Amino acid sequence: MKFKVRKNLVKVILYVLCIFFLVLGIVLLLNAWEQQYYSYTPEEDSESTQTQSADVEYNGVKYKLNRKIDTVLLVGVDKYLASTDSNTYVNTEQADFIMLVVIDTEEESYKVLHINRDTMTDVQVLGVTGAVAFTNYEQIALAHTYGSGQEDSAENTVTAVSDLLYGIDIDHYITVTMDAVAIINDSVGGVTVTALDTINDDIIEGEEITLLGDNALAYVRARIGLEDSTNLHRMERQEQYMKALMEQFKASCDEDSNFALDTALEITQYMVSDCTVNEIVDIYGMMGDYEFTDYLTLEGEAIVGDEYMEFYVDEDALYELYLSLFYTVIE
């Protein structure tokens, strides 16, 4: 009897091992197929990755890295409801807006760099194992589509933005689904703007409106069907909205010391971040206490590609912007 039990146990173990190695073999074959199909080589990937230098010289002027700078990448994902794992290595969620908050802790001020979602750049494509399979030149918004839609997708977007900005370190990231926009908007009592476009029956071009609920989301997202449907024009509305929102947010923080914490807790289920709740509250607090000094965009050219709009940055202007944000002149 003991012999039979032992014999059956051996069969079960062998069966489990066979299944394990079969699955492992399939995973490895899929990964190898991806690399072969796209002619990816490790050398190509290593060449595309840049790292920031402590000291640089440009046009005869010497610069040193400003170590009093903190950076937070804010990404709005074109998805509704709570943020959930897609249980796969690809998803259908793109970055609808990408903003890098650059905080100067010494000057107690911050700037926002709004990155066009159509910006063409090198994007890492994650394979079935979660590792980088190859790099593709495409819209930066697509960086989020690789991965499960959770931390791996957010980190892939961080990498794409960092590589675009010459390897600058990005300290934290916060991605939110579309539901969070209306929640944050309404938490400050709504945002008042003079509409730049006619979006719906409530939002009429040239008229002042206090955006609430779905109207706030419609104002910052609408593009298709408008007279000017380019993302560049939509970014003008987003800039107008963000400036007004930041003023309202600062005022709300001044009125209520718990406002930042309450807002952070309210959007937790719609958010993916590498921050703890306390760190998010600190970031919100700085944005409430510090002076907002500038809202920046990338210079470049938008063209109609084979299928979608493509934005190509002006490299000289980008590098000068990079130096102004993250470096100081050595006297």
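Preceding this paragraph is the structure being described.
Read on for an overview of the structure.

Cut-off values and rules
- Residues numbered from 1 in each chain as written.
- Predicted model: local features only at pLDDT ≥ 70, side-chain atom pairs only at ≥ 80, totals over all residues.
- Heavy atoms only, no water.
- Helix = DSSP H or I, 4+ residues; strand = E, 2+ residues; numbered from the N terminus.
- Contact = heavy atoms within 4.5 Å.
- Salt bridge = Lys/Arg side-chain N within 4 Å of Asp/Glu carboxyl O.
- Buried < 20%, exposed > 50% of the residue type's maximum accessible area, 1.4 Å probe, protein only.
- Pairing = 2+ DSSP bridges.
- Axes fitted to C-alpha atoms, helices over the stretch in contact; angles between N-to-C directions.
- Phe/Tyr/Trp six-rings, centres within 6.5 Å; stacked < 30°, edge-to-face > 60°.
- Core = buried A, V, L, I, M, F, W, Y, C linked by side-chain atoms within 4.5 Å.
- 1 Å grid on protein atoms, 1.4 Å probe; cavity = no way out; pocket = protein on both sides within 12 Å on 5 of 7 lines; lining within 4 Å.
- Points joined across faces, edges and corners; volume = space filled by probe spheres on them.
- Nonpolar A, V, L, I, M, F, W, Y, C, P; charged D, E, K, R; others polar.

Things to note about the environment of Val161
Point 1. Its place among the elements puts Val161 in helix H3 (residues 151–164).
Point 2. Through-space distance from the C-alpha of Val161 to that of Leu100 is 8.8 Å; in sequence the pair is 61 residues apart.
Point 3. Setting aside chain neighbours within four positions, we find Val161 in contact with Leu73, Ile98, Ile115, Ile140 and Ile170.

Structural notes on the pattern of salt bridges
Point 1. Applying the stated criterion across every chain, the model contains six salt bridges.
Point 2. Ionic pairing is found between Asp96 and Arg221, a salt bridge with its closest N-O pair at 3.1 Å. Taken together, the residues span a long stretch of sequence, with Asp96 in strand S4 (residues 95–104) and Arg221 in helix H5 (residues 214–221) at a distance of 125 residues.
Point 3. A salt bridge links Asp197 to Arg237, with the shortest nitrogen-to-oxygen separation between them at 3.0 Å. Of this pair, Asp197 sits in the loop between strand S9 (191–194) and strand S10 (208–211) while Arg237 is found in helix H6 (residues 231–255), placing the two residues 40 residues apart along the sequence.
Point 4. In the salt-bridge network here, residues are joined through shared partners; they are Asp96, Arg221 and Arg234.

Notes on helix H4 (residues 179–187)
Point 1. For H4, a buried count of seven out of nine residues is recorded, marking the element as mostly surrounded by other parts of the structure.
Point 2. For H4, the set of buried residues is Asp179, Ala180, Val181, Ala182, Ile183, Ile184 and Asn185.
Point 3. Where H4 is buried, its residues touch strand S8 (172–177), S9, S10, H5, H6 and helix H7 (259–266).
Point 4. Backbone geometry just downstream of H4 places Gly189 in the positive-phi region, at approximately 85°.

Quick word on the sheet that holds strand S2 (residues 61–65)
Point 1. Spatial strand order, S1-S2-S15: three strands in an open sheet with antiparallel pairing. Every interior strand has two partners, whereas the edge strands, strand S1 (55–58) and strand S15 (327–329), have only one. The average undirected angle you get between the axes of adjacent strands in this sheet is 35°.
Point 2. Packing of helix H9 (residues 315–326) onto the sheet brings it into contact with S1, S2 and S15, and relative to S1 it is tilted by some 140°.

Brief notes about the pairing of strand S6 (residues 120–126)
Point 1. Of all seven residues that make up S6, six are buried, and the element is covered over most of its length.
Point 2. Here S6 pairs with strand S7 (residues 132–139) via seven bridges, running antiparallel. Bridged to Thr121 within S7 is Glu138.
Point 3. Linking two consecutive strands that pair antiparallel, namely S6 and S7, is a turn of five residues; a positive phi of about 95° is found at Gly130 within it.

Observations regarding the packing of aromatic side chains
Point 1. Per the stated rule, a full pass over the model turns up eight aromatic pairs.
Point 2. Centre to centre, the rings of Tyr166 and Tyr322 are 5.0 Å apart; their planes meet at 55°, and the pair counts as tilted. Here Tyr166, found in the loop between H3 and S8, pairs with Tyr322, found in helix H9; they are 156 residues apart in sequence, far enough to count as distant. An identical accessibility class is assigned to Tyr166 and Tyr322; each is buried.
Point 3. Pairing Tyr319 with Tyr322 gives two aromatic rings, centres 5.5 Å apart and planes at 35°, and the pair type is tilted.

Some remarks on the nonpolar core
One broad trend across soluble globular proteins is that nonpolar side chains are buried collectively.
Point 1. Core analysis: the biggest nonpolar cluster contains 51 residues, and Tyr110, Leu211, Tyr219, Tyr241 and Ile267 have the highest contact counts within it.
Point 2. Looking at this core, the element that brings in the most residues is H6, giving seven residues.
Point 3. Counting 46 residues, the second largest nonpolar core, distinct from the first, contains Tyr63, Leu65, Ile115 and Ile170.

Looking at empty space enclosed by the protein
Point 1. The tally for this structure, following the rule as stated, stands at three cavities of 30 Å³ or more.
Point 2. The space that makes up the largest cavity amounts to roughly 470 Å³.
Point 3. What lines the largest cavity is a set of 21 residues, and nearest its centre among them are Leu74, Phe97, Ile184, Met242 and Leu245.
Point 4. When contributions to the lining of the largest cavity are tallied by element, the ones reaching two or more residues are strand S3 (69–77), S4, S8, H4, H6 and helix H8 (277–289).
Point 5. In terms of residue count, the dominant contributor to the lining of the largest cavity is H6 (six residues).
Point 6. Residues that form the lining of the largest cavity fall into these classes: 19 nonpolar, two polar and no charged.

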